[in-house]
Each structure stands twice: as structure tokens, then as C-alpha cells.
Amino acid sequence: MAQSLLKKKKPVMAENKTEAKPTVYDTKKLNLWYGKTHALKDIDLEIQERSVTAIIGPSGCGKSTYIKTLNRMVEMNPEVRTTGEVQYRGRNIFDRNYYVEELRTRVGMVFQKPNPFPKSIFDNVAYGPKIHGIRDKKILKQIVEKSLRGAAIWDEVKDRLNENAYGLSGGQQQRLCIARCLAVEPDVILMDEPTSALDPKSTLKVEELVQDLKKNYSIIIVTHNMQQAARISDKTAFFLNGEVVEYEDTNLIFSNPNDKRTEDYITGRFG
Amino acid sequence: MAQSLLKKKKPVMAENKTEAKPTVYDTKKLNLWYGKTHALKDIDLEIQERSVTAIIGPSGCGKSTYIKTLNRMVEMNPEVRTTGEVQYRGRNIFDRNYYVEELRTRVGMVFQKPNPFPKSIFDNVAYGPKIHGIRDKKILKQIVEKSLRGAAIWDEVKDRLNENAYGLSGGQQQRLCIARCLAVEPDVILMDEPTSALDPKSTLKVEELVQDLKKNYSIIIVTHNMQQAARISDKTAFFLNGEVVEYEDTNLIFSNPNDKRTEDYITGRFG
Amino acid sequence: GNESSEAGGNNNDNESNGGNNNAGNSETEELSGSVQIDGSGTVYPLLSRIAEEYMVNEQQGVSVEVSRAGTSAGMQRFINGETDLSNASRTIKEEELQGLEENGIETQEFKVALDGMTIVIHPDNDWATEMTEEEVTDLFISGKYADDDNVLWSDVRDDWPDEEVNFYGPNENHGTYEFFVEVLLDEQDLVDGINLQQDYSTLVELVSDDENSIGFFGFGYYINNDDKLGVVSVDFGDGPVAPSLDTIAEDGDYAPFTRPVFTNLSIDAAKEKPEVKDFAKYIFEVADDLAGETGFAPLPEEELNSYIEEIDEIE
Amino acid sequence: MSYSANVKDMIETNRKNSKLAKFEKMIPFLLFLAASISVLTTLGILVTLLFETVLFFQNVSFREFFLQSEMRPLNPTNPQFSILPLLGATLLSTGIAMFVAVPVGLTTAVYLSEYATDKVRRILKPLVEVLAGIPTIVYGFFAFTFVTPFLREFIPALDRTNILSPGIVMGIMIIPIVASLSEDAMSSVPNSIREGAMALGATKFEVAFRVVIPAAISGIIASFVLGISRAIGETMIVTIASGSNKNLTFDVTQSMQTMTAYIVEVTSGDAGAGTTAYYSLYAVAMTLFVFTLAMNMFARYMTKRFREVY
Amino acid sequence: MQYMDLDAVQSRMTKRIFFNRLSKMLFLASAFFGLIVLAVLLYDVVSDSIGWLSIDFLTSLLSTNPDIAGIRGAILGTVWLMVIVGPVTMILGVCTAIYLEEYARPSKFTTFIQTNISNLAGVPSIVFGLLGLTVFVRLFGLGSIVLAGGLTMSLLVLPIVVVASQESIRAVPAHLREASFGMGATKWQTIKNVVLPVALPGIFTGMILAISRAIGETAPLVAIGIPALIIPAPSGIFDRFTALPMQIYYWTIDSVMVQEYAYLAAATIVVLLLILFTLNSIAILIRNKFDRRY
Ligand SMILES: Nc1ncnc2c1ncn2[C@@H]1O[C@H](COP(=O)(O)OP(=O)(O)OP(=O)(O)O)[C@@H](O)[C@H]1O
Ligand SMILES: Nc1ncnc2c1ncn2[C@@H]1O[C@H](COP(=O)(O)OP(=O)(O)OP(=O)(O)O)[C@@H](O)[C@H]1O
Ligand SMILES: [Mg+2]
Ligand SMILES: [Mg+2]
Ligand SMILES: O=P([O-])([O-])[O-]
């Protein structure tokens, strides 16, 4: 039902405001089970390039599961089974010949809890380029600087690149993780509640950063925080019990939700 | 301030309704620290015989700490320091010559999570008498039966006394723990949220039991559940941040609290 | 089953033998307790054979325990009073006697059998099978054939291979070592780089394994492994003689390389413990029979009998 | 119920009569006595070793013991006491053992912690650990009667007793120590860090060797050090399979004697007290003790370090 | 500016993934390497023992004649050793664990005892043998009897029991202790009646591990001086003795002289391994049976 609603709305939306950007991810009838738990049910979603797509919904609705499906990280759990398709740039990511490593190089991910490697700041950022065969010290240095600048943390760490990343504050660590992502020049960045472990000031910094990054990257962000979704995203998908209830331009969804359940959630009546 | 209130009220209360029963516990200026945390602050409380005294208050306010002080269980933590006095039946329990074992034999305790021993039902109840030197099989049998009857669980377990106590349901386990307490014929029974791990039906049974037990025992019960306190207790003490804010007849405290904070708590404005 | 009955038959033989020698003595006395023996590894096979016979056929109640730390190491224990009998492949030394005296232990040294110092080589070695006495001893003496002790076979005789000789022998724990160095080499230094081992079994393996090996040890260890080892026939002036039970016997042709092996009895132990005395006598009752079996030449019967009498007199 | 009036009284009288209170006071003391046995054991080891070691060094100089190269303890004419041949053999056999145990153990650990599913790990890990439960005497037999003859098919120069074969077998014995402890260290690296690397497109191999192993390095080193300590202290395998030739060489095909095997040789059959050779036993044992103790303490320090990080 | 050359990344990708798969197989093989060696070892030993392992072999006394030699004495020696090791380590180990877990206040000395125990666990067994030789055999004048061997072994495996017992005692949930204290039980009553019964399965598992270790240890016995030939079977803890691993040792080194001894050694190894296997199975059974949460 939610999906049919969406399909009806789509053309309207396109006319509405956003110019129709090319699609990065096209999810078709995606179902996912953890053993017997049916965590994602018939998901259909198209995600556009160079925009911020927010995914909201109450705890346990399948947000993390969905976003982790997009880079097949969800497969680290051997119990997981999927049906349906997810097309990234026109290629089904579940294709036998599609190496996860290749997909993940194109699609970066930032996690809820900052997870830098227990290495120096420099080595954290250089890790990605290095595994892709870039050995030249000079080039690595340039990449590291560019990525750290890109993640708006360069000024804070430029004098301590060789110190251990664990010495940074939580917010700095999270931006470092974003920089680590940027270093391999991905196409898409997935973010799973990237600010939920951070204090308000750091949260603001990350939000600004996301706004900035969308010029060059497609960003999909899971968030618990409705205000955040409203502030930074272009489109928002509302998940409930493993289904997409509504998928809409952010300003529309927050001002004038189509579905009663979306409204109830947005107005804080549950979740 | 709370204490001064109390002192003023006491004579009124006595006239009011309850006949003045003898005092079992008299707490005087009790302070307690866990290392540097000041958990109990200048507590003054008199607790009466053959009645149910409820202790309520938000999480972390010191309820458990206080009740565990009454049988000196709190000393199991070597960091604990106390000042002030707690008199049990006129004797300071912190007295050097007062063996904790003696105190604890007179003062039984029931815990939040049912904690039977991994032994048979019979051995659970017989444990107390046995460690106190009662070896005679026949007497033990009588004690076990009487205690199980006293805890209103005899009929449910009489045919399986030799089975392991872990086979019982949570509610039955809790009543078994009460029976275990009764077996040494204590004077006082301390209960720390005895029903918070139980389903509503078992909770009801335990509440009934408490009502019944107060004929012969003095009962002090910590509870999170205001309704429960209102239903079963004669007097209620409201704790906040390690202090006694109000101590009053239960019907008074719930109908007409003296302190703004008590009112706020009772009406669910915090906690 | 077959073999064990054969062994049983053997045992019966010995028993009757023992009975003959023992005529006149009371056989019926049941003894108990234990006899502690340590010392020479050379003598070990003989003494352990005797001990086993004794425990199986003579006195089931007595436990005879035999170790083989080597003559010197065993003698140390003996001096400490830890053992009742101490086997030796050389005569007891002055210092050792002194030590015994200090500890108040009275002892008596008895010859048990005769052993030939056997010079062994690899079985495929077909050049060094016959050597003169001097060649043998010179080969083992440091600096005789080569200054750096990297001796080549061709240093001994020109027509022998140009390959380096590898030396083997028991280590200094052993009386065999001492007899070889002190008596046969006249206390001159052994060649450098000689491989000295504690265990004879290891030694046998090493020699049987190395084409250029040459080593020395008791005849018993050679004869038990004659399929794996070659032996050097030594020319003492009257043509080459191979060691054998006959040639190493008293006045045999191999006599220059022959030595008696001993056991030292603690007189105090024999006085205190009847089982020690009984076993000591038993040794000489059966030594001539079991010696050959374990690779020793027996002593003359009169000599053995005189020992029995000697022990009998201990009270 | 007839008794009911007096349960309280019964308890009261029992309490008054009970001797429990006195007994209770004794208990901590008795238990303390038991606990002090382990301290006494260490003390006993130290005192016995130290006492005789001092006597040894009254006869033999440190210089000779640590700097010369010949060990001929019972030589009647010119006894020499240098630990170097024994030390050399010990280090050589330990080196060979670690040469086997480190690569096999570490890759086994990587497989168990990074590649294997939970189910496979639960079966495979205990199976690998079985290797640690085989008595060393059995390994000794195996080295002597199987591995040496087997190796000699390929290395004809190999002596019947040599340091190579027991070294290899010791390595096999140590595999589970390295594998199990390294696996523990690697498992304690949080999954979020692995996910971080995977999300960058790293293969499992790259995750294991560039993230997990560096992160768990102190625990892994601890496992190596414990393995080394085990190898240094291992006795029966070398006693049986490497002979007792005390020579200082790096030729692994030769027979040589480790410190532990030397102790066995001098004690086996129980050498008599009083000679320098006998004291040398304790000097060697002291060296062995100090070596292994230092290694164990170092390993424990490293283990603590990796526990503290996460 | 682009630093990542997509084509280069792509072509490297295939290599990386191939390498990853290859190493996965290599690592699996490596995990199996030890198991394969174990299989070869077992095969070697069992095949050598065939024809030699029989009831007669188990019940006969030792002999220099391989055809009639048996290991009755060695089996009994091992049994008697365990008669010492079992109770001694049980008592000392459990008491030490109780002291450290229940009574000792955290202090420098407690830490010292704890450190000391873990260090003892790493001391080579031959050093324990020397301790046994010097103290029990010589100083106490016991000689190489079962008692001396048993005490030496006990000290050697004590840390295993202590550590296992400590872990087991630590795992007893606090609420059980509280329940007992709440009844007015003294500390010792609580330990005796509540803590130890719950901790017992873990303690037993530790005991079995310790005994397995003691059964297989050879070096300490070598050091305290077990004779090469000792025929009568021991009938008590004051008798001189030999044990299974000692017999394996002597037969192995003597196999050079008498080839058949190697088969006897193999047969003895099979017996030893069977005993250890049985013990460990029991330990696993106990662990599975009592591995419940309180
Ligand atoms: N590893 C797992 N095994 C089994 N079920 C799982 C697993 N992970 C998640 N689930 C289930 O899948 C459903 C979706 O979980 P998911 O983590 O995607 O929710 P979420 O929307 O991210 O919630 P939150 O906001 O709490 O992070 C839930 O019902 C959850 O219980
Ligand atoms: N073992 C301890 N060590 C240090 N502080 C403690 C300890 N136990 C309790 N406290 C502190 O003492 C204060 C009182 O704790 P207490 O457990 O008595 O609260 P409570 O009223 O029982 O709370 P709840 O309703 O959650 O059980 C709290 O601030 C708590 O953090
Ligand atoms: Mg989530
Ligand atoms: Mg509480
Ligand atoms: O063992 P030995 O006979 O050479 O002392």
C-alpha cells in the first residue's frame, strides 16, 4: 500500500521542485530475513545522485538492515537471506560476479559509533588508498590532506597526524571516519545514525559537513532525529516494521505527510 | 527539612488512626558513602512492629542502600562507610559486639530477583534452620511445611519437595524465597522490589502474602510501584537523592502529601 | 605364547643351576625388601638380567632395582649411601674410596665378568675392518694424525678414502670412557669433536648411521647390534683378532683390550639387609650362565665361587 | 505444631553453644596457609637453585660459564663448564620450533577468528587444542621413531639424533598455544573496527593483516613469547630425540644437548651430590628458570596491555 | 583532483580477491596441519602397538624380555601417583582459590600470590623435578617413592587447579551469596553450602585437567630418579615405582638395542592416550551437564 502511494506521487514530485537527478540505487522488491525474522518486506526505493536521502522510523523497523544491505555489509551475518534486487548504477549488487569489495570501494559507510582503527590518524585515512595499491608516500600525503579537509577536520589534526586516532574526541573520530571514507573517493556514502553518539556541537559540525558533501557524493543517512532529517535531507523515507510507509521530498513529508502512520510518528505519538 | 516536617507530624499521626506500635528499627542520622558517593544523607526513620513500611523514590535515590543497611548487607561492598546509628530493638547494629549473623537471623531479606539456591525445594527452606544447627530430620520437615504454608506455596510444591527449585516459575521461586526467610522465624522481613521481576498474577499473590505476613512480622518493602505501596503498606517513606523527603501514613502520603517533591513524584511528574 | 614358554624354559634351567650352586644353603627362607643398584651402563644388561631372574625365580618378595647412570655417577650415589651395589666398568678410584671412608661405608669390589673394549665402525665400512693396536689408539688421540683433529681415513693408510673420520664414544659419566682414555690411550687427550653420548643406545644408532664413524664401547652393545655395526679386528702383534666371547675371555687373544667389569658391594648394606647379601651371592651363582647371553665372557668358576664364600662370611 | 514456639530458641541456644565462631576465625588462616604453599614452592625453587648455584660459582668463574665454549663436566683430567653449547642447542631447537609454530599457529588463528564461521570455530579450535594435551613423552617417541627416520629420507646427512626433528615436533606441540592465544587476542578486537575496514572495500585478508593483527599485536606477541618459553623448558622431546652431545654448532643435523636435556642427563639415575658437575646442574637450571620466568612475565605484561585497550 | 584510478583499482581488485581466496585456503590447510600431524602420530603409535597390546600386556610385570614384559607396575605406579596428586592438589588448590577469591583483601601481597601462581604455571617441569629431588627425595629423605613423586607432581599441577577453581568460584553469582548471608549464614557456611556446590563442576574440570597433565608428565619423574628396571608393582605410597610415561621413556631409548621395545613403548602410549582421552571426555561431560546459568 505504501508503495502504491509512492508510485502515484512520483511524477508530481518530479515536477514539484527537485530536478530529476540520475538514480544511484534502485531497490526492487527487496525482502530480507535474519533466520526467521522477516526484517525487510518488499522494499522499493529509488535513490538519487548528489542528494541526501534520510531514512527514519522507530527502533527495529529495519533502517540499519536496509542501509547495510546497500553495501552488502548485512551479509556478515551468515543467517541473512535476501530476495529481490538492489541495483547500484544499473548493476544488481547481488550478482554473483559483483565482488563485494568492488561495491564497497564505490560505496563508503560511516557507522553509529565512530570506529577508527587503532592506528595513527594518517594511517587511518591512508588505509583505503593503500589497500588499493597506492604506495607512493607523496600521493598518500596529498590524499590524506584532501580527505581530512573534505571531512572538515584538517585544521584540528594537521599537527598530530602521527598520533593514535584514539586520542581524538568522539566527534573528531567520527569526522576522521568520514575522511577515511572520502580517501577512496566513493560515489555514495552510507551513514547509520552518524551523530547519535556525539554531543550537540559535534553533531552540528557533522551535519554541516553532510550538507557540504552532497555536492560531490550521494548520501544516504539513517537517523533517529526527525529534526536532523528535516534539516539536512532532500528526500526522506519512513520505515515501519520492515516496510517503506512513505518516501517523499523532505519538506513535503514533514509538512504534509500522506500516511496517518507517518504523521503519528513525526508528531511523536509513537517511536 | 523533610525530617523536621516528620517530627512535627508524628503526634498527629498517632492520634489519627494507627495505634502506636512498638518500634523495631530506629535510624538516627545515618549517612552512608560508597567510596566518594554520598548515598544516604542524615536519614532519620522509626519503623514500627507488625506493619508494612514501604520505601519509594526514583531510581538511584538510595532505597536499596537503605534497606541493605538494615541487615548490614551493604557492608559486602568493602568501599562502604557509614556514620550515625541504626537501632534494632534498642541495640545499635553497628556495635562491634553485634554479630551480623545474629542480626541477619532476626532480620530476613527477600531480593528483587528470586534467588533460590540450586538445591531441592526442601533444602532451600531447610537451609536456614540447618546452618543454625537444627539437624533433626523430623523437626526440619515440620519447619519446612510450616514455612511453605506461611508463604502460601505449600499446596503447589508439596508433591515435589525434592525437585530442584529452579524448576519453579518466577513467582513460585519468589514465594519460596519468602518461605526460606520464614523458616528461621525472623522478626523483620526486608523486601527489595520483591515483585519487580514477576508477572502481574504472581505479583498479586505476593502482595496478598505480604498483607498476611504482617500479622506476625514487621515488613519493610522497597517498591518502584506506587500503586503497590498504596495497596499494601501502612506507612510510606519517600526517598530522594539519599534523603528522606517525607515519611507518613500511607493513606495520608498518597492523598495529601506535605512536600511538593513528593507530590510531583506521586503524580508521575518525574522518576 | 611360544616365546614366553621358551623364556620360561630358560628360567627353569637357571633355577636348577642356581639350585646346584646353592646346595647346602637354606632355600626356603622368604625374603622381602629392596636392593638398589646403580652405576655402569655397560654392566646394566647383565645385572638387570640377573635381577630379573632373581625376582622371578628366587625371591618374589624382593625388589631389585637397577639404574644405569654410568660408573662415576653411580659411584657418587654409592658414596652417599643411596645404593646397595654399584656397578663399575673400571676399578674404584682413590678419591671414591676416600669418599666412602669419610661416609663410613665399607665396601668390597667384585669382578662380575669380562668385557672387550670393542672398536665399532659402520657395517658398510670395508677398509678399516682390520687395524693395528697402535693405529686404533693413535686415531683417537688428539693431534696424532692431524693437528686440527680433522682426521681423514687416508691419514691412517694411504689407500683408505679421503674422507673425514667421525668419532663416537660414551661420555665421561662412563667407566668405559675412563678405561679407554686412561688405560688404552694412556691418559692422552681424546680427539676434538668426538661425539660423546650418555646413552649407549644413542651411540649405537649414531655409529650405525654414519659411514665414516668409528667408536668404542663394551662388547655387549656390539654383539646385540651386530647386524647394524661393523667391528674392527685389532692386531696386537699376532694378526688381527675380532672380539668374541672366546677371545675376550681371560688369556684370550683380545686380552689387551679386555677389562673386567665390577660390582661394588656395600658391606654395611649386606649386613643390615639379608636380601642384599642374598642377591649379591646370587649374582655370582648365575653370572657365568647369563654373562654370555648378555655379551660378556664369564670369569672362571672357582673365582666366582670364592666370591660367594666371601660374601657368605659377612655377618 | 509442637516445635513452633522454640525454633527461635533452638537457634538461640545453638548459637550460644556453637564453636563455630572460633572455627570461623581459624579458617582464613588455614586457607592462607594453603595459599602460601604456592609462594613456598617458588621460594623452594629459588632457594634450592640459588644455594647450589652459589656453590657452583665458587668453583667455576662466570667467565668460564658464560663465555667459554666447552661443556665437559665429568672429564677426569680437564673438566669444563660452559653453558654455551647447551644454550646454543636450546636456542636452536626453540628457533626451529617457532619457525614451525609461528606461521602455522598464526595463520590458524587468522582462519579461526576471521574466516571460519562460528560453528567451524567451535569444532576446530578444541581439536587444535588437543595437540597441547598430548604428553611430551609421546611427542618424543614420535620425533625419535617417526619424524627423524622420515626426514632422513630427504636429508641423508641427518644424524639419528639431531636437533632438527625434535625442534619441528616441539613446534607442532606449540601450535595450539600460539593459535589459541592469538585467536583470543584477535577475537577481542571489536567487530566495529573490522566493519570499518570492510566498508572501505578491504578483503578479509587485508582486514586481518592490516587491521586486526596490528590491533591485537601485543596479545599475539604474548602468545609467541609463551610459545618460546614452553620450547625452552621442554624436556622429554629433546632428551629422547636429540642425544647428549654437547657441541656448539648451528648444524641442525647434529646431535646436541639442550639445557633441559643436560639436567635430565645429570640427574637421571640421580647423580651424587658434592661434585662440581652436580652443582653445574643447578647453575644450568637457574639459567633456565630465569629465562622462562622473564619470558612469562613479559608475556603476561603484553597480554595485560591488549586487554586494557578495548 | 582524482587520485584513485578506477581502472587500476579494478585490475587490482581481481588480484586482491584471488589472493584473499588463496590465503583462505592456505589458512584452512594450516589449521588442519596440526590435525594431520596428530592423525599421523596416532596412526604411527597405534600401528606400532598392534599385536603387542593385550590383556596380558596390561597385567604382566615388567621384564627385560619383550615377549613377556607388561605394564602392570607402571599402571599401578601411575594410579598411586594420582592417589597423592588428586587429594593434595584438590585440597591445596581449592583452599588457595577460596582464600584468594573470598577472603584475601586486595593488597600487594594478594597480587603477589596471584602473580606467583601464574608464574609457577610457566616454570619448566624439569625444574619442579629438581625441586622434588632436592627437597622431597634428599632433604626429607623419602627416596624415589610414590609419595615423593606425587608431591612433586602436585606442586607442578597446582596452578592449574587454583586458576580453574578461582574462575569457577568467581562465576558463582553474587545473588546466591547474598541469599545465604541474608539468612544469617557465616562466611564459611556460605562458602561451604552455597559457593562450593555451585563451583564444584568447574573445580572438577580443572582437577581432571591437572590430573591429565600429571599422568603424562615425565621430566619430574626422570629427575627424582626412577630406576630403569623395577619389576614388583608398587602397593602403596611408600613404595618405589615406575609410571607409564617413565616406561615409555626407557623403552623408547632402549628400542635401539631391542627393536621390540619400540612396540612396547607404542602400546604403552596407546594405553596412556586412552586414559587421557577418557579423562577429558569426562571433563567435557561434566562441563556440558552442569553448564547452566543461575
Ligand atoms: N543480527 C540479527 N539477528 C536477528 N535479528 C536481527 C538482527 N539484527 C536485527 N535484527 C532484527 O531485524 C529487525 C530490524 O533491525 P534493525 O537493526 O535494522 O533496526 P533499526 O531500524 O536499525 O533499529 P534501531 O533504530 O534500533 O537501530 C529488528 O526486528 C531486529 O530485531
Ligand atoms: N556498589 C556501589 N558502588 C558505588 N555506588 C553505588 C553502589 N551501589 C549503589 N551506588 C550508588 O548509590 C546510590 C543509591 O543506589 P541504590 O542502589 O540504593 O538506589 P535505588 O534507590 O535502590 O535505585 P533503584 O530503584 O534503581 O534500585 C546511587 O547513586 C548509586 O549510583
Ligand atoms: Mg539501527
Ligand atoms: Mg534498588
Ligand atoms: O656405563 P659405563 O660402564 O661405561 O660406566
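Here is a short report on the structure shown in this document. Because the structure is a prediction, the values reported are computed rather than measured.

Structural notes on the site of ligand 2
Residues and elements named next belong to chain B.
- The full set close to ligand 2 counts 13 residues, and S59, G60, K63, S64 and T65 are the nearest of them.
- Between S59 and ligand 2, the recorded distance is 2.5 Å, taken from a side-chain N or O atom to an oxygen atom.
- Expressed as a share of its isolated accessible area of 630 Å², the protein-covered part of ligand 2 is 63%.

Here we look at the packing of aromatic side chains
- Evaluated as defined, the whole model comprises 51 aromatic pairs over all chains.
- Centroid distance F209(D) to F27(E): 5.9 Å. Interplanar angle 40 degrees. Geometry classified as tilted. Here the residue F209(D) occupies a position in helix 9 (residues 204-215), and F27(E) occupies one in helix 1 (residues 6-49), the pair thus bridging two chains.
- What makes F209(D) partly exposed here is its relative accessible area of 31%.
- A residue is classified by how much of its surface remains accessible, and F27(E), at 6% relative accessible area, is buried.
- Site record: aromatic cluster; members linked through ring pairs are F56(D), F57(D), F62(D), F65(D), F66(D) and F81(D).
- Here the guanidinium or amino end of R91(A) rests over the ring plane of Y98(A), the centre of that ring lying 4.0 Å away.
- For R68(C), the ring lying beneath its charged end belongs to Y44(C), and the centroid distance is 4.8 Å.

A look at the interface of chain E and chain D
- Taken together, the contact pairs 73 residues of chain E with 78 residues of chain D.
- Buried area between chain E and chain D, both sides added, is near 6,300 Å², and the carbon and sulfur share of it is 76%.
- Between R16(E) and E206(D) there is a salt bridge whose closest N-O contact spans 2.6 Å.
- Joining chain E to chain D, the criterion identifies 16 residue pairs in polar contact (both at pLDDT 80 or more).
- With 21 residues, helix 1 of chain E is the largest single contributor of residues to the side of chain E that touches chain D.
- Broken down by class, the residue content of the side of chain E that touches chain D amounts to 50 nonpolar, 17 polar and six charged.

Observations concerning the sheet that holds strand 10 (residues 233-235) of chain C
Residue and element names in this part refer to chain C.
- The mixed open sheet is built from three strands, whose spatial order is 5-10-11. Two strands bound the open sheet, and with one partner strand each, they are strand 5 (130-132) and strand 11 (240-241).
- When strand 5 meets strand 10, the two strands line up parallel, connected through three bridges. By the bridge assignment, E130 is partnered in strand 10 with S233.
- Set on the sheet, helix 5 (residues 133-140) makes contact with strand 5 and strand 10; between it and strand 5 the angle comes to about 85 degrees.

Side note on the site of ligand 1
All names here are of chain A.
- Taken together, 13 residues sit near ligand 1, with S59, G60, K63, S64 and T65 positioned nearest.
- Between ligand 1 and S59, the relevant distance is 2.5 Å, taken from an oxygen atom to a side-chain nitrogen or oxygen of the residue.
- With respect to ligand 1, the backbone of C61 contributes an N or O atom lying 3.2 Å from an oxygen atom.
- Coverage of ligand 1 by the protein amounts to 63% of the 630 Å² it exposes when considered alone.
- With three residues, helix 2 (residues 63-70) is the largest single contributor of residues to the shell around ligand 1.
- Grouping the amino acids of the shell around ligand 1 by side-chain chemistry returns four nonpolar, seven polar and two charged.

Points about the interface of chain B and chain D
- Counting residues at the interface gives 14 residues for chain B and ten residues for chain D.
- Between the two partners, chain B and chain D, sit zero salt bridges.
- At the level of secondary structure, the elements contributing two or more residues to the side of chain B that touches chain D comprise helix 3 (100-106) and helix 5 (137-150) of chain B.
- In terms of residue class, the side of chain B that touches chain D is made up of five nonpolar, four polar and five charged.

Conventions we followed
- Residues numbered from 1 in each chain as written.
- Chains lettered and ligands numbered in written order.
- Predicted model: local features only at pLDDT ≥ 70, side-chain atom pairs only at ≥ 80, totals over all residues.
- Heavy atoms only, no water.
- Near = heavy atom within 4 Å.
- Polar contact = N/O pair within 3.5 Å; in protein donor to acceptor, adjacent residues only side chain to side chain.
- Areas by Shrake-Rupley, 256 points an atom, 1.4 Å probe, with all protein chains shown as cover.
- Phe/Tyr/Trp six-rings, centres within 6.5 Å; stacked < 30°, edge-to-face > 60°.
- Helix = DSSP H or I, 4+ residues; strand = E, 2+ residues; numbered from the N terminus.
- Buried < 20%, exposed > 50% of the residue type's maximum accessible area, 1.4 Å probe, protein only.
- Lys NZ or Arg CZ within 6 Å of the ring centre and 35° of its normal.
- Contact = heavy atoms within 4.5 Å.
- Buried area = accessible area lost by both parts, 1.4 Å probe.
- Salt bridge = Lys/Arg side-chain N within 4 Å of Asp/Glu carboxyl O.
- Nonpolar A, V, L, I, M, F, W, Y, C, P; charged D, E, K, R; others polar.
- Pairing = 2+ DSSP bridges.
- Axes fitted to C-alpha atoms, helices over the stretch in contact; angles between N-to-C directions.

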